[in-house]
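Here's the letter readout for the chains.
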Amino acid sequence: MIVTGTQATLSAWNTGKTTDNGRQTAAAAAASFTEPVSISSAARQALAADGASSAIEQYAIPGWLADFGVSLNDKLGTNGNGVADKYPEATAAAQSDRKAYAQGIDSHYRSLLEDNGITDTASHYQNLIVDQAASEKLQQQMLERIKADPALMALLPRMGKAHLVA
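This section reports on the structure supplied with the text. Every chain is numbered on its own, with residues counted from 1 as its sequence reads. In keeping with the predicted nature of the model, local features appear solely for residues at pLDDT of at least 70, side-chain atom pairs appear and are counted solely at 80 or more, and the whole-chain, interface and lining totals rest on all residues. Side-chain measures were taken over the full set of non-hydrogen atoms in the model, leaving aside hydrogen atoms and water.

1. Considering the overall build of the chain
The way it works is that DSSP assigns letters per residue, a run of H or I at least four long becomes a helix, a run of E at least two long becomes a strand, and they are numbered from the N terminus. In terms of helices and strands, the chain carries nine helices and two strands. Seen in sequence order, the chain has helices and strands lined up from the N terminus as α-β-β-α-α-α-α-α-α-α-α. Buried means the residue's accessible area, taken with a 1.4 Å probe over protein chains only, is under 20% of the maximum for its type, while exposed means over 50%, and partly exposed covers the values in between. Per-residue burial for the chain yields a buried fraction of 37% across its 166 residues. Across the chain, contacts joining residues at least 24 apart in sequence account for 66% of those joining residues at least 6 apart. Per element, the accessible surface of the chain, about 9600 Å² overall, is 52% carbon and sulfur. In this description, contact between two residues means that some pair of their heavy atoms is separated by no more than 4.5 Å. All accessible-area figures derive from a Shrake-Rupley calculation using a 1.4 Å probe, and residue coverage is judged against the displayed protein chains alone.

2. Considerations on the pattern of salt bridges
Within this document, salt bridges are pairs made up of a side-chain nitrogen of Lys or Arg and a carboxyl oxygen of Asp or Glu, the two lying within 4 Å of each other. Enumeration over the complete set of coordinates arrives at three salt bridges. With a shortest N-O distance of 2.9 Å, R110 and D106 are connected by a salt bridge. In this pair, R110 and D106 both sit in helix α6 (residues 95–115), four residues apart, roughly one turn of the helix. Under the relative-accessibility criterion, R110 is labelled partly exposed at 46%. For the salt bridge of D115 with R145, the shortest nitrogen-to-oxygen distance reads 2.8 Å. Remark: R145 occurs in helix α8 (residues 132–147) and D115 occurs in helix α6; sequence separation between them is 30 residues.

3. Description of the nonpolar core
The criterion is simple. A nonpolar core is a set of buried Ala, Val, Leu, Ile, Met, Phe, Trp, Tyr and Cys residues joined through side-chain atoms within 4.5 Å. Counting residues in each nonpolar core, the largest one holds 28 residues, and the members touching the most others are W64, F68, Y101, I105, Y109, M142 and I146. Contributing elements (two or more residues each) for this core: α3 (63–66), α6, α8 and α9 (150–159). Of all the elements, α6 adds the most residues to this core, at five residues. Residue contacts for I146: discarding those within four places in its chain leaves F68, I105, L152, M153, L156 and V165.

4. Some remarks on the packing of α6 against α9
At a closest axis distance of 10 Å, the pairing of α6 and α9 adopts a crossing angle of 125 degrees. By the angle between their directions, the pair α6 and α9 is classed as oblique. Regarding α6 and α9, the two cross each other, and that crossing is left-handed. Residues D97, R98, A100, Y101, G104, I105 and H108 of α6 touch α9, and the partners they reach there are L152, L155, L156, R158 and M159. By the convention adopted, Pro, Cys, Tyr, Trp, Phe, Met, Ile, Leu, Val and Ala count as nonpolar, Lys, Arg, Asp and Glu as charged, and the other residues, Gly among them, as polar. Among the residues forming the contact of α6 with α9, the class breakdown is seven nonpolar, two polar and three charged. Note on geometry: axes are C-alpha line fits, over the in-contact stretch for helices, and angles between N-to-C directions span 0 to 180 degrees. Should an angle fall under 35 degrees it is taken as roughly parallel, and over 145 as roughly antiparallel, whereas 65 to 115 is taken as roughly perpendicular and any remaining angle as oblique. Note on convention: near helix rotated counterclockwise from far helix by under a right angle means a left-handed crossing. Clockwise means right-handed.

5. Points about the side chain of K161
With respect to the helices, strands and loops of the structure, K161 is situated in the segment after α9. For the purpose of counting charges, residues Lys and Arg are taken to be positive, whereas Asp and Glu are taken to be negative. His and the chain ends are not included. Nearest to the buried, unbridged K161 among oppositely charged side chains is D67, at 6.7 Å.

6. Some details on the environment of Y87
If you trace the backbone, Y87 turns up in the loop between α4 (82–86) and α5 (88–92). According to the relative accessible area criterion, Y87 is buried, its value standing at 13%. For Y87 and K161, which are 74 residues apart along the polypeptide, the C-alpha to C-alpha distance reads 9.5 Å. Those residues within four positions of Y87 in sequence are excluded, and the remaining contacts are G69, V70, S71 and K161.

Note that all results are geometric; they support no functional claim without further evidence.
What follows is the structure, encoded as structure tokens:
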């Protein structure tokens, strides 16, 4: 299993329809978080006692990939309006632009993994999280792919992400 899901990170906050009382009535896609997760030492000890010391860490994504996404509000009971403040360009962009951007990043990431023989969770974790030199090499390859994609390059400023390839 490969952890990717970058497409949902950009549009998840804009997929639900709500009623006047704030209840969600429909959702087009499941939410996906792009922020890295860290495990406290107490949690590691508890996991180790259960024999699952690094199982959760296997599903991490590299910070450089998370930078291309949109961080959703991680507090329960909030409606996600903080996204507009954090990402005004992406919020102002057309839904079709957000979708095309997310699909472009996801497509390049998936092909990057495939071209580098990263076919399962363990190799993903090893090459993108544990081995920082390998992760940096893959990041450079990802940036080259993005720079060679004129459509995606045109979308980067609209999403407020042009600085990531500068």
